[in-house]
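Chain by chain, the residues:
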Amino acid sequence: MKKNKKIAVLPGDGIGPEVMKEALKVLEKVKKKYGLDFELKFGDIGGIAIDKYDHPLPEQTKNLCLNSVAVLLGSIGGPKWDNYPPEKNPEIGGLLGLRKLLNLYVNLRPVVLYERLKENSPLSEKITESDIDIITVRELSQGIYFSKPKNLTDNEGYDTMRYDRQTVNRIAKSGFEIAKSRRRKITSVDKANVLYSSKLWRKTVSEISKNYPEVELTHMYVDNAAMQLILNPSQFDVILTTNLFGDILSDESAAISGSLGMIPSASFGKGNINLYEPAGGSAPDIAGKGIANPVAQILSLAMMLEYSFGLKEAANDVREAVKKTVNEGYGTIDIVKNKKYVLSTSEMGDSIAEKI
Ligand code: IPM
Ligand code: MN
């Protein structure tokens with residue numbers, strides 16, 4: 001295990017604090033079982049930081065993150081802060097600001113459909129018969145999210161979608177490396193029939209693929225990919241794609257898993273500080289009710305244990321505990337229909353922690 005054990009914990013807004021509490025409960029159990037020690041430091045990001053410090057990513061939070069090995073984030077944003085100017089809103093000033101600060105460029109979003117949740121998936125039984133195990137490798141540093149010029153006036157709003165070769169190179173390498181450790185199939189998703197940035201993307205990914213002859217590469221247009229995910233999700237192993245398309249397709253694939261509350265994410269960059277957060281949002285409509293699904297946060301913790309601290313066994317313990325709880329039929333209201341088996345957020349956390 002790495003020597004530096006500093007974790008920046010940023011619960012954020014909406015359901016963030018509730019689900020974070022459960023992840024930390026699970027971390028406590030992992031610490032006990034393996035005799036580990038972590039240094040947890042709490043900070044504010046997003047709306048709560050705006051309310052307290054008038055900025056979604058205040059200096060003290062930046063420093064806290066820069067002095068840690070890993071950032072465990074809850075979720076950010078809510079209707080209260082929706083009309084703030086871009087640089088000062090939770091999403092752009094907060095989360096995108098943090099991704100930029102940490103130079104994060106790879107975002108991994110793994111989606112697995114558990115046996116028990118097959119009935120929850122919006123897809124028909126026939127389609128979910130085969131296993132669904134997909135990971136989206138989303139480019140996180142460029143594309144339409146960050147490229148200039150972009151502007152908003154009373155009369156128009158515009159963004160630029162730009163990719164440079166170096167950026168596509170490095171994300172493609174990450175994608176192929178991940179594919180190598182899985183089923184060795186990669187689908188690169190773009191819109192190369194229309195967009196120049198996608199033409200460069202496709203050409204560059206094809207070039208990189210020459211170094212990975214063991215990985216099977218398919219190119220797919222994003223509109224077709226959106227359709228294929230619904231018609232035949234089992235065909236996908238690794239989906240390698242741009243910032244915007246990855247944002248959209250990862251939500252779509254998350255829905256296939258039965259609930260957006262099930263999907264974790266990890267982001268890596270040039271530096272050594274990684275970010276771990278649920279792929280879903282802050283769900284302000286259910287915040288504070290004790291019904292949010294803590295699984296995405298708990299599985300984000302598992303990714304942190306594995307990738308930032310090299311604790312693969314502990315990470316797998318956490319994943320197994322989640323899987324057991326879910327396959328026993330228990331879960332929060334988003335994944336369980338039978339009232340007898342519905343657990344609150346904290347009961348779900350207990351049930352998972354108990355199994356470690
Ligand atoms: C995500 C979110 C963010 C994104 C928002 C909140 C900025 O939707 O992580 O998927 O668009 O990247
Ligand atoms: Mn999103």
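The numbers attached to residues start from 1 for each chain and follow its sequence in the written order. Here every chain gets a letter starting at A, and every ligand a number starting at 1, in the order they are written. Reporting of local features is limited, given that this is a predicted model, to residues whose pLDDT is at least 70; pairs of side-chain atoms are given and counted only at 80 or more, and all residues count toward the totals for whole chains, interfaces and linings. To get the side-chain values, all heavy atoms of the structure are used, and hydrogens and water are removed first.

K.L.:
Summarise the pattern of salt bridges; cite the residues concerned and give the values.
P.N.:
In what follows, salt bridge is the name for a side-chain nitrogen of Lys or Arg lying within 4 Å of a carboxyl oxygen of Asp or Glu. Inspection of every chain in the model, using the stated rule, returns 25 salt bridges. Where aspartate 317 meets lysine 33, a salt bridge forms, and the shortest distance between an N and an O atom there is 2.9 Å. Remark: lysine 33 occurs in helix α1 (residues 16-34) and aspartate 317 occurs in helix α11 (residues 312-327); sequence separation between them is 284 residues. Classification of residues uses two cut-offs on accessible area relative to the type maximum, computed with a 1.4 Å probe and protein chains only: under 20% is buried, over 50% is exposed, and between them is partly exposed. A relative accessible area of 19% means that aspartate 317 is categorised as buried. Close ionic contact of aspartate 133 with arginine 182 constitutes a salt bridge, the shortest N to O distance being 3.2 Å. Here aspartate 133, found in strand β5 (residues 133-139), pairs with arginine 182, found in the loop between α6 (165-180) and β8 (185-190); they are 49 residues apart in sequence, far enough to count as distant. According to the relative accessible area criterion, aspartate 133 is partly exposed, its value standing at 28%. Linked through salt bridges whose partners overlap, the residues forming this network are Asp133, Arg182, Arg183 and Asp237. By definition, any uninterrupted DSSP run of H or I lasting at least four residues is a helix, any uninterrupted run of E lasting at least two residues is a strand, and each is numbered from the N terminus.

K.L.:
Explain the packing of aromatic side chains residue by residue, including any values.
P.N.:
Working definition: a ring pair exists when centres of Phe, Tyr or Trp rings (six-membered ring for Trp) sit within 6.5 Å. Plane angles under 30 degrees give stacked, over 60 give edge-to-face, the rest tilted. Scanning the model with the defined rule gives 6 aromatic pairs in all. Arranged with centres 6.5 Å apart and planes meeting at 75 degrees, the rings of phenylalanine 268 and tyrosine 276 form a pair that is edge-to-face. Residues phenylalanine 268 and tyrosine 276 agree in their burial class; the two are buried. Ring centres 5.4 Å apart and planes at 80 degrees place the aromatic pair phenylalanine 268 and tyrosine 307 in the edge-to-face group. Taken together, the residues span a long stretch of sequence, with phenylalanine 268 in strand β11 (residues 264-269) and tyrosine 307 in helix α10 (residues 295-309) at a distance of 39 residues. Every member of this aromatic cluster is reached through a ring pair, and the members are Phe268, Tyr276 and Tyr307. Geometrically, a charge over a ring is one whose NZ (Lys) or CZ (Arg) sits within 6 Å of the ring centre while staying within 35 degrees of the ring normal. For the cation-ring pair, arginine 138 lies above tyrosine 145, with the distance from its terminal atom to the ring centre recorded as 5.2 Å. Directly above the ring of tyrosine 105 sits arginine 170, whose terminal nitrogen or CZ lies 4.0 Å from the centroid.

Keep in mind these numbers describe shape, not what the thing actually does.
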